[in-house]
Amino acid sequence: MAMTMRLPRSSRLTDGHEFHAVRQTGKSKAGRHVVLGVLKDSRDVGFRFGFITSKRVGNAVARNLVRRRLRAIVRSLGEELQGGGKLVTIARQSAAVASYAELTEDWRRTAFRLGILPRPQME
């Protein structure tokens with residue numbers, strides 16, 4: 001059985017106040033399948049990540065699939081991110097029917113528009 005890498009606890013947002021701070025004082029950009037909110041902090045070396053998948057995305061199975069895909073995207077692209085702070089990914093309703101490749105492309109494009117990814121790499 002293959003073991004998947006997890007995001008370390010130190011790289012995750014766990015407190016509701018942190019999510020709220022990103023939404024209130026950070027900046028955000030909406031993509032087709034995700035909304036990214038970022039609150040940059042020059043004191044932080046890297047980003048801490050949070051994910052929001054509301055019931056609008058679908059049932060528990062669909063929400064969990066979307067969350068797993070979003071975590072995988074962050075694990076694969078997280079090293080490319082510039083700066084540090086808090087980054088919240090909010091899944092939109094369309095994320096439930098999007099493929100992994102579509103989610104990755106949308107996440108990458110939205111992160112580029114936020115200025116935290118150097119350049120979009122179209123595959």
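None of the values given here were measured: they were computed from a predicted structure. (Residues numbered from 1 in each chain as written. Predicted model: local features only at pLDDT ≥ 70, side-chain atom pairs only at ≥ 80, totals over all residues. Heavy atoms only, no water.)

(A) Geometry of the packing of aromatic side chains. Counted by the stated rule, this structure contains 1 aromatic pair. Ring centres of F47 and F49 lie 6.5 Å apart, and the angle between their planes is 35°; on these two criteria the pair is classed as tilted. By relative accessible area, F47 is classed as buried at 9%. F49 sits in the buried class, given a relative accessible area of 7%. (Phe/Tyr/Trp six-rings, centres within 6.5 Å; stacked < 30°, edge-to-face > 60°. Buried < 20%, exposed > 50% of the residue type's maximum accessible area, 1.4 Å probe, protein only.)

(B) Molecular detail of the pairing of strand β2 (residues 34-40). For β2, the buried fraction is high: 5 of the 7 residues fall into the buried class. Relative to β2, strand β1 (residues 27-30) is paired through 4 bridges, and the arrangement is antiparallel. Residue pairing for β2: K29 is matched across the bridge by L36. Hairpin geometry of β1 and β2 is characterised by an intervening segment of 3 residues between the two adjacent antiparallel strands. In this structure, β2 lies alongside strand β4 (residues 85-91), joined through 7 bridges in antiparallel fashion. Note that in β4 the partner of G37 across the bridge is V88. (Helix = DSSP H or I, 4+ residues; strand = E, 2+ residues; numbered from the N terminus. Pairing = 2+ DSSP bridges.)

(C) How the structure looks around the nonpolar core. Grouped together as the largest cluster of nonpolar side chains are 24 residues, with contacts concentrated most on F47, F49, L70, L81, L87, W107 and I116. Counting residues per element, this core draws most heavily on helix α2 (residues 60-77), which supplies 5 residues. With near-sequence residues (within four places) excluded, L87 lies in contact with L13, L36, G37, V38, F47, R48, F49, G50, L81, W107 and I116. By size, the runner-up hydrophobic cluster in this structure holds 6 residues, among which are L13, F19, V35 and V88. (Core = buried A, V, L, I, M, F, W, Y, C linked by side-chain atoms within 4.5 Å. Contact = heavy atoms within 4.5 Å.)

(D) View of the layout of surface pockets. By volume, the second largest pocket amounts to about 270 Å³. Going through the elements one at a time, β3 (47-52) and α2 are the ones with two or more residues in the lining of the second largest pocket. Split by residue class, the lining of the second largest pocket holds 8 nonpolar, 4 polar and 3 charged. (1 Å grid on protein atoms, 1.4 Å probe; cavity = no way out; pocket = protein on both sides within 12 Å on 5 of 7 lines; lining within 4 Å. Points joined across faces, edges and corners; volume = space filled by probe spheres on them. Nonpolar A, V, L, I, M, F, W, Y, C, P; charged D, E, K, R; others polar.)

(E) Structural detail: a positive patch on the surface. Among the surface-exposed residues, K27, K29, K40 and R113 lie close enough to one another that they form a single positively charged patch. In this fold, K29 is placed in strand β1. With relative accessibility at 32%, the residue K29 sits in the partly exposed group. (Patch = residues over 30% accessible without salt bridge, like charges linked within 9 Å, V, L, I, M, F, W, Y side chains within 5 Å. Areas by Shrake-Rupley, 256 points an atom, 1.4 Å probe, with all protein chains shown as cover. Salt bridge = Lys/Arg side-chain N within 4 Å of Asp/Glu carboxyl O. Lys, Arg positive; Asp, Glu negative; His and termini not counted. Charge placed at Lys NZ, Arg CZ, Asp CG, Glu CD.)

(F) Main features of the packing of α2 against helix α3 (residues 100-114). Viewed as axis vectors pointing N to C, α2 and α3 meet at an angle of 55°, and their least axial separation amounts to 10 Å. Taken as axis vectors, α2 and α3 run oblique relative to one another. Here α2 and α3 pass one another in a crossing that is right-handed. Here α2 contributes R69, L70, A72, I73, V74, S76 and L77 to the contact with α3, which in turn contributes Y100, L103, T104, W107 and R108. Taken together, the residues of the contact of α2 with α3 sort by class into 8 nonpolar, 2 polar and 2 charged. (Axes fitted to C-alpha atoms, helices over the stretch in contact; angles between N-to-C directions. Parallel < 35°, antiparallel > 145°, perpendicular 65-115°, else oblique. Left-handed = near helix turned anticlockwise from the far one by under 90°.)

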